[in-house]
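Breakdown of the fold
Read off the chains here:
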Amino acid sequence: MQQEAAIGLEAIYQRIGTGPVSAEALTSPEIYEQERTQVFGRMWLKVGRVEEIPAAGDYKIKRLDVANTAAILSRGKDGVVRAFHNICPHRGNKILPETGNETFGRARGHSLTCRFHGWVFDSSGPLRMLPREDRFPEKMDHNCFGMRAIHCDIWEGFIFINLADTPEQSLADYLGGIGRHFAGFPYGEATYARRYSTVLDCNWKIALYAFSEGYHVETIHAATFPKLAVLVHTEFKTFGPHSSSAIYVPPGGAGPTPATAKFGEVLFRSETHGRRLQDLPPTVNTERRNDFQFEFPVFFPNLVLHACAGSGYPGMVYFSHQFWPLGPDKTLWEGTNFYRQPTTPSELVAINHTDALHRNAWLEDTSTMEDTDAALRSGVLDQLYLMDDEVMIRNTQFHIDACLAR
Ligand code: FES
Ligand SMILES: [Fe+2]
(Lines give C-alpha, C1' and ligand atoms only; values in the text may rest on other atoms or scores of the structure.)
(Ligands and ions follow the chains in the order given, each with its own letter.)
Protein backbone atom coordinates (compact mmCIF):
# COMPACT_ATOMS: atom_id res chain seq x y z
CA MET A 1 0.00 0.00 0.00
CA GLN A 2 1.44 3.39 -1.01
CA GLN A 3 2.20 5.69 1.93
CA GLU A 4 2.92 8.95 0.13
CA ALA A 5 2.11 12.04 2.16
CA ALA A 6 -0.59 14.53 1.18
CA ILE A 7 -0.44 17.68 3.28
CA GLY A 8 -3.47 19.95 3.44
CA LEU A 9 -7.05 19.51 2.28
CA GLU A 10 -6.39 20.45 -1.32
CA ALA A 11 -3.70 17.82 -1.76
CA ILE A 12 -5.81 15.19 0.01
CA TYR A 13 -8.90 15.91 -2.07
CA GLN A 14 -6.82 15.72 -5.22
CA ARG A 15 -5.81 12.23 -4.22
CA ILE A 16 -9.06 10.79 -2.88
CA GLY A 17 -11.77 13.01 -4.36
CA THR A 18 -14.59 15.00 -2.81
CA GLY A 19 -17.67 12.94 -3.62
CA PRO A 20 -20.05 11.38 -1.12
CA VAL A 21 -19.24 8.04 0.49
CA SER A 22 -21.41 4.97 0.35
CA ALA A 23 -23.81 4.34 3.23
CA GLU A 24 -23.95 0.66 2.31
CA ALA A 25 -20.29 0.30 3.33
CA LEU A 26 -21.41 0.86 6.94
CA THR A 27 -24.18 -1.72 7.01
CA SER A 28 -23.65 -4.48 4.46
CA PRO A 29 -22.89 -7.94 5.95
CA GLU A 30 -21.23 -8.91 2.65
CA ILE A 31 -18.86 -5.95 2.84
CA TYR A 32 -18.13 -6.82 6.46
CA GLU A 33 -17.12 -10.34 5.44
CA GLN A 34 -14.74 -8.89 2.84
CA GLU A 35 -13.27 -6.52 5.42
CA ARG A 36 -12.50 -9.45 7.72
CA THR A 37 -10.16 -11.00 5.19
CA GLN A 38 -9.04 -8.07 3.03
CA VAL A 39 -8.52 -5.52 5.80
CA PHE A 40 -8.15 -7.26 9.17
CA GLY A 41 -6.56 -10.35 7.63
CA ARG A 42 -3.86 -8.35 5.85
CA MET A 43 -3.13 -5.07 7.64
CA TRP A 44 -0.95 -4.57 10.71
CA LEU A 45 -3.10 -4.34 13.84
CA LYS A 46 -2.06 -2.88 17.17
CA VAL A 47 -2.76 -5.40 19.95
CA GLY A 48 -0.91 -4.11 22.98
CA ARG A 49 1.86 -2.16 24.66
CA VAL A 50 5.20 -3.57 25.74
CA GLU A 51 4.57 -2.35 29.30
CA GLU A 52 1.67 -4.81 29.56
CA ILE A 53 4.12 -7.74 29.46
CA PRO A 54 7.26 -6.22 30.98
CA ALA A 55 9.11 -9.33 32.23
CA ALA A 56 10.40 -12.44 30.47
CA GLY A 57 7.64 -15.05 30.69
CA ASP A 58 4.80 -12.52 30.78
CA TYR A 59 2.03 -13.02 28.29
CA LYS A 60 -1.17 -11.36 27.16
CA ILE A 61 -3.92 -13.07 25.20
CA LYS A 62 -5.86 -10.75 22.93
CA ARG A 63 -9.06 -12.11 21.43
CA LEU A 64 -9.47 -11.31 17.75
CA ASP A 65 -13.05 -12.30 17.01
CA VAL A 66 -12.83 -10.62 13.62
CA ALA A 67 -10.37 -13.35 12.61
CA ASN A 68 -11.89 -16.16 14.72
CA THR A 69 -8.67 -16.42 16.68
CA ALA A 70 -6.84 -15.07 19.71
CA ALA A 71 -3.23 -13.97 19.83
CA ILE A 72 -0.88 -14.96 22.64
CA LEU A 73 1.67 -12.15 22.98
CA SER A 74 4.54 -13.77 24.83
CA ARG A 75 7.81 -12.33 26.08
CA GLY A 76 10.37 -15.10 25.84
CA LYS A 77 13.33 -15.80 28.09
CA ASP A 78 15.39 -13.73 25.62
CA GLY A 79 13.14 -10.72 26.24
CA VAL A 80 11.71 -10.78 22.70
CA VAL A 81 7.96 -10.30 22.27
CA ARG A 82 6.41 -12.84 19.89
CA ALA A 83 2.83 -13.63 18.88
CA PHE A 84 1.13 -16.98 18.46
CA HIS A 85 -2.35 -18.24 17.74
CA ASN A 86 -3.95 -19.56 20.89
CA ILE A 87 -4.47 -22.99 19.39
CA CYS A 88 -2.72 -26.20 20.32
CA PRO A 89 -1.13 -28.05 17.38
CA HIS A 90 -2.24 -31.35 18.90
CA ARG A 91 -6.05 -31.38 18.68
CA GLY A 92 -6.76 -27.69 18.41
CA ASN A 93 -7.77 -26.79 21.95
CA LYS A 94 -6.94 -23.31 23.17
CA ILE A 95 -3.49 -23.63 24.72
CA LEU A 96 -4.36 -21.11 27.42
CA PRO A 97 -7.84 -20.39 28.78
CA GLU A 98 -9.18 -16.94 27.95
CA THR A 99 -11.05 -15.12 30.68
CA GLY A 100 -12.27 -12.25 28.53
CA ASN A 101 -11.28 -9.97 25.71
CA GLU A 102 -7.81 -9.73 27.23
CA THR A 103 -6.13 -12.21 29.57
CA PHE A 104 -2.81 -11.70 31.33
CA GLY A 105 -0.47 -14.20 32.92
CA ARG A 106 3.09 -15.40 33.40
CA ALA A 107 4.59 -18.60 32.01
CA ARG A 108 6.07 -20.59 34.90
CA GLY A 109 9.53 -21.79 33.94
CA HIS A 110 9.05 -20.04 30.59
CA SER A 111 6.72 -22.77 29.45
CA LEU A 112 3.08 -22.73 28.40
CA THR A 113 1.12 -25.93 28.88
CA CYS A 114 -2.02 -26.93 27.03
CA ARG A 115 -4.46 -28.08 29.67
CA PHE A 116 -6.10 -30.74 27.46
CA HIS A 117 -3.29 -33.32 27.18
CA GLY A 118 -0.38 -31.42 28.64
CA TRP A 119 1.77 -30.53 25.65
CA VAL A 120 4.38 -28.05 26.85
CA PHE A 121 5.63 -25.16 24.73
CA ASP A 122 8.56 -22.85 25.33
CA SER A 123 7.29 -19.28 25.75
CA SER A 124 9.27 -18.46 22.59
CA GLY A 125 7.24 -20.98 20.60
CA PRO A 126 8.85 -24.43 20.16
CA LEU A 127 7.32 -27.61 21.55
CA ARG A 128 9.36 -28.70 24.57
CA MET A 129 7.74 -32.00 25.46
CA LEU A 130 4.59 -34.02 25.06
CA PRO A 131 3.44 -36.65 27.51
CA ARG A 132 3.77 -40.29 26.44
CA GLU A 133 5.53 -39.35 23.26
CA ASP A 134 6.53 -42.99 22.70
CA ARG A 135 2.85 -43.91 22.15
CA PHE A 136 2.51 -41.83 18.98
CA PRO A 137 2.79 -44.31 16.08
CA GLU A 138 4.85 -41.87 14.02
CA LYS A 139 7.90 -39.97 15.17
CA MET A 140 6.89 -36.53 16.46
CA ASP A 141 9.28 -33.89 15.14
CA HIS A 142 9.21 -31.22 17.85
CA ASN A 143 10.22 -28.58 15.32
CA CYS A 144 6.92 -29.08 13.49
CA PHE A 145 4.69 -28.86 16.54
CA GLY A 146 5.51 -25.49 18.07
CA MET A 147 2.90 -22.83 18.70
CA ARG A 148 1.62 -21.35 15.43
CA ALA A 149 3.35 -18.01 14.95
CA ILE A 150 1.73 -14.72 13.97
CA HIS A 151 3.88 -11.98 12.45
CA CYS A 152 4.66 -9.50 15.20
CA ASP A 153 6.63 -6.27 15.38
CA ILE A 154 6.87 -3.22 17.62
CA TRP A 155 6.61 0.49 16.88
CA GLU A 156 7.32 2.93 19.72
CA GLY A 157 6.37 0.29 22.28
CA PHE A 158 3.08 -0.58 20.54
CA ILE A 159 2.84 -4.28 19.70
CA PHE A 160 1.42 -4.93 16.24
CA ILE A 161 0.54 -8.23 14.57
CA ASN A 162 -0.23 -9.17 11.00
CA LEU A 163 -2.42 -12.23 10.42
CA ALA A 164 -1.39 -12.77 6.80
CA ASP A 165 0.77 -15.80 6.01
CA THR A 166 3.22 -13.39 4.39
CA PRO A 167 2.63 -9.70 5.13
CA GLU A 168 2.85 -7.50 2.06
CA GLN A 169 4.94 -4.94 3.96
CA SER A 170 7.06 -4.74 7.08
CA LEU A 171 5.47 -2.80 9.94
CA ALA A 172 7.89 0.08 9.35
CA ASP A 173 6.94 0.28 5.66
CA TYR A 174 3.25 -0.15 6.44
CA LEU A 175 3.24 2.77 8.89
CA GLY A 176 5.54 4.79 6.66
CA GLY A 177 5.08 8.53 7.13
CA ILE A 178 2.62 8.27 10.03
CA GLY A 179 5.17 6.18 11.92
CA ARG A 180 7.87 8.76 11.37
CA HIS A 181 5.54 11.69 12.14
CA PHE A 182 4.60 10.30 15.57
CA ALA A 183 7.91 8.70 16.52
CA GLY A 184 9.86 10.06 19.46
CA PHE A 185 6.89 10.85 21.69
CA PRO A 186 7.23 9.62 25.31
CA TYR A 187 4.57 6.91 25.08
CA GLY A 188 6.71 4.66 27.25
CA GLU A 189 6.69 7.14 30.15
CA ALA A 190 2.89 7.15 30.34
CA THR A 191 2.62 3.89 32.23
CA TYR A 192 -0.46 4.80 34.27
CA ALA A 193 -3.27 3.61 31.99
CA ARG A 194 -7.02 3.78 32.57
CA ARG A 195 -9.27 1.79 30.28
CA TYR A 196 -12.95 2.06 29.40
CA SER A 197 -14.53 -0.39 27.00
CA THR A 198 -17.96 -1.49 25.89
CA VAL A 199 -19.68 -3.48 23.18
CA LEU A 200 -21.77 -1.33 20.89
CA ASP A 201 -24.51 -2.47 18.55
CA CYS A 202 -23.03 -0.76 15.54
CA ASN A 203 -20.65 -1.37 12.68
CA TRP A 204 -17.00 -0.81 13.64
CA LYS A 205 -16.63 2.05 11.15
CA ILE A 206 -19.58 3.96 12.61
CA ALA A 207 -17.71 3.97 15.93
CA LEU A 208 -14.35 4.74 14.34
CA TYR A 209 -15.76 7.57 12.24
CA ALA A 210 -17.49 9.18 15.24
CA PHE A 211 -14.01 9.52 16.78
CA SER A 212 -12.34 10.69 13.56
CA GLU A 213 -13.72 14.23 13.32
CA GLY A 214 -14.19 17.41 15.33
CA TYR A 215 -17.40 18.47 13.59
CA HIS A 216 -19.59 16.94 16.31
CA VAL A 217 -17.93 18.63 19.29
CA GLU A 218 -19.99 21.82 19.27
CA THR A 219 -23.24 19.84 19.43
CA ILE A 220 -22.57 16.48 21.11
CA HIS A 221 -20.20 17.90 23.74
CA ALA A 222 -22.04 21.18 24.35
CA ALA A 223 -22.85 20.15 27.90
CA THR A 224 -19.46 18.76 28.89
CA PHE A 225 -17.17 21.11 26.99
CA PRO A 226 -19.01 24.35 26.14
CA LYS A 227 -15.69 26.13 25.68
CA LEU A 228 -14.78 23.80 22.84
CA ALA A 229 -17.39 25.43 20.63
CA VAL A 230 -14.59 27.56 19.17
CA LEU A 231 -12.25 24.67 18.43
CA VAL A 232 -10.25 24.70 15.24
CA HIS A 233 -9.77 21.35 13.52
CA THR A 234 -6.82 21.76 11.17
CA GLU A 235 -3.45 20.53 9.83
CA PHE A 236 -5.00 17.67 7.88
CA LYS A 237 -2.56 15.23 6.36
CA THR A 238 -2.65 11.72 5.00
CA PHE A 239 0.04 9.09 4.65
CA GLY A 240 -1.62 6.60 2.36
CA PRO A 241 -4.37 4.92 4.40
CA HIS A 242 -3.30 6.66 7.61
CA SER A 243 -4.28 10.24 8.40
CA SER A 244 -3.85 12.88 11.06
CA SER A 245 -5.08 16.30 12.11
CA ALA A 246 -4.80 18.66 15.06
CA ILE A 247 -7.25 20.37 17.38
CA TYR A 248 -6.61 23.83 18.79
CA VAL A 249 -8.96 25.73 21.08
CA PRO A 250 -8.30 29.48 21.03
CA PRO A 251 -9.59 31.33 24.10
CA GLY A 252 -13.12 32.66 23.95
CA GLY A 253 -15.47 29.68 24.01
CA ALA A 254 -18.91 30.26 25.47
CA GLY A 255 -20.04 28.98 28.84
CA PRO A 256 -18.69 29.04 32.37
CA THR A 257 -15.60 27.13 33.45
CA PRO A 258 -16.92 24.23 35.53
CA ALA A 259 -16.14 24.54 39.25
CA THR A 260 -14.55 21.10 39.17
CA ALA A 261 -11.89 22.33 36.71
CA LYS A 262 -9.76 23.29 39.71
CA PHE A 263 -9.13 19.58 40.33
CA GLY A 264 -6.97 19.54 37.22
CA GLU A 265 -4.87 22.53 38.21
CA VAL A 266 -2.50 20.47 40.31
CA LEU A 267 -1.61 18.55 37.16
CA PHE A 268 -1.32 21.60 34.93
CA ARG A 269 1.08 23.14 37.49
CA SER A 270 3.19 19.99 37.79
CA GLU A 271 6.43 19.67 35.88
CA THR A 272 5.76 15.96 35.38
CA HIS A 273 2.09 16.06 34.43
CA GLY A 274 1.76 19.60 33.07
CA ARG A 275 1.82 20.89 29.53
CA ARG A 276 5.09 19.63 28.00
CA LEU A 277 4.91 20.80 24.43
CA GLN A 278 8.63 20.11 24.13
CA ASP A 279 7.76 16.40 24.29
CA LEU A 280 5.81 16.55 21.03
CA PRO A 281 7.50 15.26 17.90
CA PRO A 282 9.00 18.25 16.03
CA THR A 283 6.45 17.84 13.22
CA VAL A 284 3.48 18.16 15.61
CA ASN A 285 2.29 21.62 16.72
CA THR A 286 5.38 23.03 15.04
CA GLU A 287 4.72 26.52 16.43
CA ARG A 288 4.37 25.10 19.95
CA ARG A 289 1.06 26.96 20.34
CA ASN A 290 -0.32 26.92 23.87
CA ASP A 291 -3.89 26.49 22.66
CA PHE A 292 -2.93 23.11 21.20
CA GLN A 293 -5.20 20.32 22.51
CA PHE A 294 -3.90 17.28 20.66
CA GLU A 295 -3.00 15.88 17.30
CA PHE A 296 -4.84 12.69 16.50
CA PRO A 297 -3.81 10.21 13.87
CA VAL A 298 -5.98 7.42 12.50
CA PHE A 299 -3.70 4.39 12.14
CA PHE A 300 -5.40 2.33 9.45
CA PRO A 301 -7.52 0.39 9.99
CA ASN A 302 -8.84 0.64 13.56
CA LEU A 303 -6.63 2.68 15.91
CA VAL A 304 -6.87 6.35 16.85
CA LEU A 305 -4.23 7.99 19.05
CA HIS A 306 -4.34 11.46 20.59
CA ALA A 307 -0.95 12.96 21.42
CA CYS A 308 -1.69 15.60 24.08
CA ALA A 309 1.58 16.14 25.99
CA GLY A 310 -0.42 17.46 28.94
CA SER A 311 -2.55 19.81 26.82
CA GLY A 312 -6.30 19.60 26.66
CA TYR A 313 -7.05 17.14 29.42
CA PRO A 314 -5.15 17.68 32.68
CA GLY A 315 -2.27 15.25 33.03
CA MET A 316 -2.98 13.34 29.83
CA VAL A 317 0.11 12.32 27.88
CA TYR A 318 -1.96 10.57 25.25
CA PHE A 319 -5.11 8.56 24.82
CA SER A 320 -6.23 5.95 22.35
CA HIS A 321 -9.33 4.42 20.84
CA GLN A 322 -9.54 1.08 19.15
CA PHE A 323 -12.49 -0.50 17.38
CA TRP A 324 -12.68 -4.29 17.10
CA PRO A 325 -15.41 -5.75 14.91
CA LEU A 326 -17.43 -8.51 16.55
CA GLY A 327 -19.92 -8.76 13.68
CA PRO A 328 -21.36 -6.52 10.95
CA ASP A 329 -23.28 -4.54 13.56
CA LYS A 330 -21.34 -5.22 16.77
CA THR A 331 -18.13 -3.55 17.89
CA LEU A 332 -15.87 -3.69 20.90
CA TRP A 333 -14.72 -0.15 21.61
CA GLU A 334 -11.70 0.39 23.86
CA GLY A 335 -10.73 3.85 25.09
CA THR A 336 -7.59 4.22 27.20
CA ASN A 337 -6.10 7.27 28.92
CA PHE A 338 -2.35 7.28 29.51
CA TYR A 339 -0.69 9.34 32.25
CA ARG A 340 2.64 9.40 34.00
CA GLN A 341 2.47 7.71 37.40
CA PRO A 342 0.85 9.87 40.08
CA THR A 343 3.19 10.45 43.01
CA THR A 344 0.89 12.25 45.47
CA PRO A 345 -2.73 11.71 46.57
CA SER A 346 -3.75 15.04 45.04
CA GLU A 347 -2.28 13.98 41.69
CA LEU A 348 -4.25 10.74 41.91
CA VAL A 349 -7.47 12.63 42.69
CA ALA A 350 -6.80 14.96 39.77
CA ILE A 351 -6.23 12.03 37.40
CA ASN A 352 -9.49 10.48 38.63
CA HIS A 353 -11.17 13.76 37.80
CA THR A 354 -9.71 13.84 34.29
CA ASP A 355 -10.88 10.27 33.78
CA ALA A 356 -14.40 11.13 34.89
CA LEU A 357 -14.44 14.14 32.58
CA HIS A 358 -13.31 12.01 29.70
CA ARG A 359 -15.77 9.25 30.53
CA ASN A 360 -18.60 11.78 30.32
CA ALA A 361 -17.38 12.95 26.91
CA TRP A 362 -17.10 9.35 25.71
CA LEU A 363 -20.63 8.59 26.89
CA GLU A 364 -21.74 11.52 24.75
CA ASP A 365 -19.72 10.17 21.81
CA THR A 366 -20.97 6.60 22.07
CA SER A 367 -24.57 7.80 22.47
CA THR A 368 -24.84 8.44 18.72
CA MET A 369 -23.38 5.21 17.42
CA GLU A 370 -26.18 2.71 17.90
CA ASP A 371 -28.74 5.26 16.67
CA THR A 372 -26.67 5.89 13.54
CA ASP A 373 -26.37 2.17 12.89
CA ALA A 374 -30.08 1.53 13.40
CA ALA A 375 -31.10 4.42 11.16
CA LEU A 376 -28.65 3.57 8.36
CA ARG A 377 -30.00 0.02 8.29
CA SER A 378 -33.32 1.44 7.10
CA GLY A 379 -31.64 1.74 3.72
CA VAL A 380 -33.12 5.22 3.28
CA LEU A 381 -29.71 6.84 2.68
CA ASP A 382 -27.49 5.75 -0.16
CA GLN A 383 -24.71 8.24 0.32
CA LEU A 384 -23.15 10.36 3.04
CA TYR A 385 -21.82 13.86 2.37
CA LEU A 386 -18.75 14.82 4.37
CA MET A 387 -17.34 18.27 5.23
CA ASP A 388 -13.69 19.25 5.55
CA ASP A 389 -13.37 18.25 9.22
CA GLU A 390 -14.54 14.77 8.22
CA VAL A 391 -11.75 14.23 5.71
CA MET A 392 -10.05 11.53 7.81
CA ILE A 393 -13.27 9.48 7.51
CA ARG A 394 -13.13 9.98 3.76
CA ASN A 395 -9.51 8.80 3.67
CA THR A 396 -10.16 5.69 5.77
CA GLN A 397 -13.18 4.69 3.70
CA PHE A 398 -11.30 5.34 0.45
CA HIS A 399 -8.58 2.92 1.50
CA ILE A 400 -10.99 0.29 2.84
CA ASP A 401 -12.69 0.42 -0.58
CA ALA A 402 -9.26 0.04 -2.19
CA CYS A 403 -8.49 -3.02 -0.03
CA LEU A 404 -11.80 -4.63 -1.01
CA ALA A 405 -11.29 -3.87 -4.71
CA ARG A 406 -8.00 -5.79 -4.89
S1 FES B 1 -5.16 -30.34 22.42
FE2 FES B 1 -3.48 -29.47 23.43
S3 FES B 1 -2.41 -31.13 24.26
FE4 FES B 1 -4.06 -32.02 23.21
FE1 LIG C 1 -16.28 13.45 20.76
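All of these numbers come straight from a predicted model, not from anything done at the bench. (Residues numbered from 1 in each chain as written. Chains lettered and ligands numbered in written order. Predicted model: local features only at pLDDT ≥ 70, side-chain atom pairs only at ≥ 80, totals over all residues.)

Some thoughts on the overall build of the protein
Within the protein one finds 9 helices and 20 strands. A compact globule built from 406 residues would reach a C-alpha radius of gyration of about 22 Å, and the protein, at 22 Å, matches this within 12%. The dimensions of the protein, computed from C-alpha atoms along their principal axes, are 80 × 55 × 35 Å. Buried residues in the protein amount to 40% of all 406 residues. Sequence-distant contacts in the protein: of pairs separated by 6 or more residues, those separated by 24 or more amount to 66%. (Helix = DSSP H or I, 4+ residues; strand = E, 2+ residues; numbered from the N terminus. Rg over C-alpha atoms; globule rule 2.2 N^0.38 Å. Buried ≥ 20, exposed ≤ 12 C-beta atoms within 10 Å, placed from the backbone. Contact = placed C-beta atoms within 7 Å.)

Digging into the sheet that holds strand S13 (residues 192-200)
Ordered in space as S1-S14-S15-S16-S17-S18-S19-S13, the 8 strands form an open sheet in which the pairing is antiparallel. Strands with a single pairing partner mark the edges of an open sheet, and in this sheet they are strand S1 (5-7) and S13. Across the sheet, the mean angle from the axis of one strand to that of its neighbour is 15 degrees, orientation sign disregarded. (Pairing = 2+ DSSP bridges. Axes fitted to C-alpha atoms, helices over the stretch in contact; angles between N-to-C directions.)

Comments concerning the sheet that holds strand S8 (residues 111-113)
As summarised here, the arrangement of the 3 strands in space is S8-S9-S10, forming an open sheet in which the pairing is antiparallel. Strand pairing shows two members of the sheet lacking a second neighbour, S8 and strand S10 (127-129), which therefore form its edges. Strand-to-strand twist across the sheet, computed as the mean angle between neighbouring axes with direction ignored, equals 40 degrees.

Comments concerning the pairing of strand S6 (residues 81-85)
One ladder, built from 5 bridges, connects strand S5 (residues 69-75) with S6; its direction is antiparallel. Within S6, the position partnered with isoleucine 72 by the bridge is phenylalanine 84. The hairpin formed by S5 and S6 contains 5 residues between the paired strands, and glycine 79 there has a positive phi angle of roughly 85 degrees. Where S6 lies against strand S11 (residues 149-155), 2 bridges are found, and the strand directions are antiparallel.

Here we look at the pairing of S5
With respect to burial, S5 is a largely interior element, 6 of its 7 residues being buried. Here 6 bridges tie strand S4 (residues 58-64) to S5, and the two strands are oriented antiparallel to one another. Residue pairing across strands places arginine 63 opposite alanine 70, the latter belonging to S5. Counting the residues between successive antiparallel strands, the hairpin from S4 to S5 contains 4 residues, one of them, asparagine 68, with a positive phi of roughly 50 degrees.

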